[in-house]
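Letter by letter, the chains look like this.
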Amino acid sequence: MVIQKSTHSASTVNFISDRQRNANQYKKQHILSSKIETSITLHKKNLLDHFSCVNAIEFSNNGLYLVSGGDDRRVVLWDLEKSLDSSHKPPCMKGEHNSNIFCLAFDNSDRKIFSAGNDEQVIVHDLERGETLDVFQHDEAVYGISVEPDNDNVFASACDDGRILIWDIRESPSTGEMSEFCTRSPVTADACRHERVTLKQFSIKYTSF
């Protein structure tokens, strides 16, 4: 006869310990995960708020939010728990683009949202307040954004003119130094592996063969 030892007590202790360390975020993630796992109609849930074509969507790193953008030029933030439960009206970021949005990104701490598109600029939004934190002007449309995995201050943008630009948001784009490196200074891939503080000096230029 084999006697199986119950793990209920141990799992309860682990749950309480985790909950005490990060109560609010853990609770939200646990509830949302449970709803997604048990839902059989999740694929039928429509998130309706945009007025036209949606070109970009991105989940937050903690899984609590979804951000969307498109031809209506608005960046819409969806709280997934509220959106799945009711006809929740999602907030929009206060900074709107002048043309179609093509790409979106969260920073690693899920405190900032990056949006970019056909109006040749990247807008950095504060997730909690919806305010515009900064605007990074480009020479051409922007089709991709990626935040550096180990540093929320550094992001890369992919441009219509064949360049990949690397930005350090600690350096204001209005100083001129930022604009200079992003439009004229070439760099090799090896140089990007050096000290991160020097990234504000670099851009990458691709040419056709």
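Details of the structure are given in the entry above.
Cut-off values and rules
Counting from 1, residues in each chain are numbered in the order their sequence is written. Only residues with pLDDT of 70 or above have their local features reported here, since the model is predicted, and side-chain atom pairs are shown and tallied only from 80 upward, although totals for entire chains, interfaces and linings are computed over all residues. Calculated side-chain values reflect all of the structure's heavy atoms, with hydrogen atoms and water omitted. Paired strands are those between which DSSP finds at least two bridges. Per the convention used, a helix needs a DSSP run of H or I reaching at least four residues, while a strand needs a run of E reaching at least two, with both numbered from the N terminus. The angle between two axes is taken between their N-to-C directions and runs from 0 to 180 degrees, where each axis is a line fitted to C-alpha atoms and a helix contributes only its stretch in contact. For every residue, the accessible area (1.4 Å probe, protein chains only) is compared with the maximum for its type, and the residue is labelled buried under 20%, exposed over 50%, or partly exposed between those bounds. Here a residue-residue contact requires only that any non-hydrogen atoms of the pair lie within 4.5 Å. Residues grouped as a nonpolar core are buried Ala, Val, Leu, Ile, Met, Phe, Trp, Tyr and Cys residues, joined through side-chain atoms within 4.5 Å. What qualifies as a polar contact is a pair of N or O atoms within 3.5 Å, subject to a donor-acceptor requirement within protein and to the restriction that residues adjacent in sequence count only when both atoms come from side chains. In summary, the pairing rule links any two rings of Phe, Tyr or Trp, Trp by its six-membered ring, whose centres are within 6.5 Å, and it sorts them by plane angle into stacked for under 30 degrees, edge-to-face for over 60 and tilted for everything else.

### Structural notes on the sheet that holds strand β1 (residues 54-59)
Logical step 1: Taken in spatial order, the three strands line up as β1-β2-β3 in an open sheet, and their pairing is antiparallel. Both edges of this open sheet fall to β1 and β3 (75-79), since each of them pairs with a single strand only. Ignoring which end each strand starts from, the neighbouring axes of this sheet average 20 degrees apart.
Logical step 2: By the bridge criterion, five bridges tie β1 to strand β2 (residues 65-70) in an arrangement that is antiparallel. By the bridge assignment, Glu 58 is partnered in β2 with Val 67.

### Section: the pairing of β3
Logical step 1: Where burial is concerned, most of β3 is hidden: five out of the five residues are buried.
Logical step 2: Where burial is concerned, the two faces of β3 agree: the one with Val 75, Leu 77 and Asp 79 and the one with Val 76 and Trp 78 are both buried.
Logical step 3: Bridging between β2 and β3 involves five bridges; their strand directions are antiparallel. If you follow Gly 69 over to β3, its bridge partner there is Val 75.
Logical step 4: Counting the residues that bridge the hairpin from β2 to β3 gives four residues, and of these Arg 73 lies at a positive phi of roughly 75 degrees.

### A short note on the environment of Val 76
Logical step 1: Position of Val 76 among the secondary structure elements: in strand β3.
Logical step 2: On a C-alpha basis, the gap between Val 76 and Leu 66 in space is 8.3 Å, while along the polypeptide they are 10 residues apart.
Logical step 3: Those residues within four positions of Val 76 in sequence are excluded, and the remaining contacts are Asp 49, His 50, Leu 66, Val 67, Ser 68, Pro 90, Pro 91 and Cys 92.

### A short note on the environment of Gly 69
Logical step 1: Mapped onto the fold, Gly 69 is located in strand β2.
Logical step 2: Counting along the chain gives 16 residues from Gly 69 to Cys 53, while the straight-line C-alpha distance between them is 8.6 Å.
Logical step 3: Setting aside chain neighbours within four positions, we find Gly 69 in contact with His 50, Val 54, Asn 55, Ala 56, Arg 74, Ile 101 and Leu 104.

### Quick word on the nonpolar core
Logical step 1: Ranked by size, the top nonpolar core spans 15 residues in total, and within it Phe 114, Ala 116, Val 122, Phe 136, Ile 145 and Phe 155 carry the most contacts.
Logical step 2: Looking at this core, the elements with two or more residues in it are β4 (101-106), β5 (112-117), β6 (121-126), β8 (142-147), β9 (154-159) and β10 (163-168).
Logical step 3: Counting residues per element, this core draws most heavily on β8, which supplies three residues.
Logical step 4: Look past the residues within four positions of Phe 114 in its chain and what remains in contact with it is Cys 103, Leu 104, Ala 105, Asp 107, Val 122, Ile 123, Val 124, Ile 145, Val 147, Phe 155 and Ile 169.
Logical step 5: In this structure, Ala 56, Leu 77, Leu 104 and Ile 113 belong to the second largest nonpolar core, which totals 12 residues.

### Some thoughts on the side chain of Ser 60
Logical step 1: Counting through the fold element by element, Ser 60 comes out in the loop between β1 and β2.
Logical step 2: Of the residues examined, Ser 60 reaches a relative accessible area of 5% and is grouped as buried.
Logical step 3: A distance of 2.7 Å separates polar atoms of two side chains, one belonging to Ser 60 and the other to Asn 62.
Logical step 4: Not counting residues within four places of it along the chain, the set of residues in contact with Ser 60 comprises Tyr 65, Phe 106 and Asp 110.

### Re the sheet that holds β5
Logical step 1: The strand order across the open sheet built from four strands is β4-β5-β6-β7, with neighbouring strands paired in antiparallel fashion. Sheet topology places β4 and β7 (132-137) at the edges, where each strand pairs with a single neighbour. Averaged over all pairs of adjacent strands, the angle between their axes in this sheet comes to 20 degrees, without regard to strand direction.
Logical step 2: Two strands pair when backbone bridges link them, and β6 and β7 are joined in this way by five bridges, in the antiparallel orientation. Across the sheet, the residue bridging to His 125 is Thr 132, located in β7.

### Let's talk about the packing of aromatic side chains
Logical step 1: Applying the stated criterion across every chain yields a total of five aromatic pairs.
Logical step 2: Between the aromatic rings of Phe 102 and Tyr 143, the centroid separation amounts to 4.9 Å while the plane-to-plane angle is 5 degrees, which identifies the pairing as stacked. Taken together, the positions of Phe 102 in strand β4 and Tyr 143 in strand β8 put the pair 41 residues apart, joining distant regions of the chain.
Logical step 3: The class for Phe 102 is partly exposed, based on a relative accessible area of 24%.
Logical step 4: By relative accessible area, which is 45% here, Tyr 143 ends up partly exposed.

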